[in-house]
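# Secondary and tertiary structure notes
The primary structure of each chain is shown beneath.
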Amino acid sequence: MTTVVTGRPRRSALYVPGSNRRALEKARALAADVLLLDLEDAVAPEAKTAAREAVCVAVPELARSGRELVVRLNAPGTPWYADDLRAVARVAPDAVLIPKVSGPQTVHTVERDLETAGAPDGTAVWALLETPAAMFAAREIAASSPRLGVLVLGTNDLANELHAEHVPGRAPLLAGIGLAVLGARAEGRVILDGVYNDVRDLAGFEAECVQGRQFGLDGKTLIHPAQVEPCNRVFAPSAEQVEHSRAVLAAWDRAVADGRGVATVDGRLVENLHAENAKRILALAQELSGQELSG
Ligand SMILES: CC(C)(COP(=O)(O)OP(=O)(O)OC[C@H]1O[C@@H](n2cnc3c(N)ncnc32)[C@H](O)[C@@H]1OP(=O)(O)O)[C@@H](O)C(=O)NCCC(=O)NCCSC(=O)C[C@H](O)C(=O)O
Ligand SMILES: [Mg+2]
């Protein structure tokens, strides 16, 4: 399988610390496609219980906004995991994001625990890939379960485990990112990029969004409200892309009607794969324009 069903847009996925009341309130008005309500690394150990309670109150309130709501739990094996899972299963966000997933077994554990806790079947499991082992196991993780929704890159932990430095262009991380994208796409999964840590450097952030899009990632995870607008812009199809995609589809339809297997647009070859890609871009553009009209 090589194509990905577009589904809901996931251009931007903002981490919102569960322990930060102001950020939870502010998130209501932010235009991120996905809110990742965080119980893990953004929350200090002594604040875990209060953060869990605050997130369980916030989920039903934020659900009214129509955004995709995901709660990042503490990982299986930590002292907080069981309580996080039981509490979050009751409020039924769209998905739970599991940190430090390095193989399919962790997905199976969480899946079983969600069922035991009575979570609705619709609660998906998202996997955070942030270890060297996870990059090598990306395809197995992507194929681990029908409940597995989205793969998310954790480039901070990955850099840390690699003893790598954060540098413009991310050369030390590109092998891992490439493996993860290959694994995700081989199984037709959506995959989101890691975070950009300097919240004041919006030019550097935008350059990294463009790099992620060029790699084929569907969107990016974010840590600050200022990153939402540039991220949504970069990961949305541009007007030129939409126009070109329409031309590709029109040329392809004419070729099919004439019994030909190839066409050209502006002198460039168009085959079935280009038509499929054009359909994906137009479906995403359509989804976003519908969202903007109804929002
Ligand atoms: C990075 C921050 C600590 C900066 O916070 P702050 O100094 O408060 O920023 P500002 O004063 O500029 O904030 C302006 C207003 O925006 C609100 N705000 C800030 N961040 C968020 C947010 N994430 N969601 C919602 N609202 C937010 C502030 O409250 C201000 O509001 P107002 O008072 O009305 O002006 C902070 O941004 C932050 O904590 N970000 C999240 C950090 C985080 O989630 N880290 C963990 C995940 S990243 C990761 O590591 C992924 C993976 O695991 C890996 O390994 O790579
Ligand atoms: Mg991490």
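Residues numbered from 1 in each chain as written. Chains lettered and ligands numbered in written order. Predicted model: local features only at pLDDT ≥ 70, side-chain atom pairs only at ≥ 80, totals over all residues.

Going by an unreviewed UniProt entry, the chain carries the name CoA ester lyase and comes from Kineosporia corallincola. In the Cofactor (unreviewed entry) part of its UniProt record, the chain is described as follows: "Mg(2+)". (UniProt positions renumbered as here; feature names shortened; annotations may be inferred.)

### Quick notes on the overall build of the chain
Within the chain, the secondary structure is distributed over 12 helices and 10 strands. Taking 2.2 N^0.38 as the reference for a compact globule, 295 residues should give roughly 19 Å; the C-alpha atoms of the chain span a radius of gyration of 20 Å, in line with that estimate. Overall, the C-alpha framework of the chain stretches about 65 × 40 × 40 Å when taken along its three principal axes. Buried residues in the chain amount to 43% of all 295 residues. A separation threshold of at least 6 residues defines the contact pool for the chain, and within that pool the share at least 24 residues apart is 69%. (Helix = DSSP H or I, 4+ residues; strand = E, 2+ residues; numbered from the N terminus. Rg over C-alpha atoms; globule rule 2.2 N^0.38 Å. Buried ≥ 20, exposed ≤ 12 C-beta atoms within 10 Å, placed from the backbone. Contact = placed C-beta atoms within 7 Å.)

### Observations concerning the environment of A117
Tracing the chain through its elements places A117 in the loop between α4 (104-116) and β5 (124-129). A117 sits 28 residues away from A89 along the chain, and the two C-alpha atoms are 6.3 Å apart. Apart from the residues within four sequence positions on either side, A117 is in contact with L85, R86 and A89.

### Looking at helix α11 (residues 239-257)
Spanning 19 residues, α11 covers 27 Å between terminal C-alpha atoms, matching the ideal 27 Å at 1.5 Å per step. Listed as buried for α11 are S245, V248, A251 and W252. For α11, the buried positions fall inside an angular range of 130° around the axis, keeping them on one side. Residues of α11 that are exposed and angled more than 90 degrees away from the buried face: A239, E243, D253, R254 and A257. Two residues or fewer after α11 comes G259, characterised by a positive phi angle close to 75°. (Expected span 1.5 Å × (residues − 1). Arc of directions from axis to C-beta.)

### Let's talk about the sheet that holds strand β2 (residues 34-38)
Here we have eight strands rolled up into a closed barrel, ordered β1-β2-β3-β4-β5-β6-β7-β8, and parallel in their pairing. With strand direction ignored, the average angle separating the axes of adjacent strands in the sheet is 25°. Contacts from helix α8 (residues 174-186) reach β5, β6 (148-153) and β7 (190-193), with the element oriented near 170° to β6. (Pairing = 2+ DSSP bridges. Axes fitted to C-alpha atoms, helices over the stretch in contact; angles between N-to-C directions.)

### Structural notes on the pairing of β7
Burial along β7 is two-sided: V190 and L192 facing one way and I191 and D193 facing the other are all buried. In terms of strand pairing, β6 meets β7 through three bridges, oriented parallel. Bridge pairing links L151 to I191 in β7. Summarising the sheet, β7 and strand β8 (residues 219-222) pair through two bridges and their orientation is parallel. Looking at β8, one finds that D193 is bridged to K220. The parallel pair β7 and β8 is bridged by helix α9 (residues 202-215), and the resulting crossover is right-handed. (Right-handed = clockwise from strand over helix to strand, strands pointing away.)

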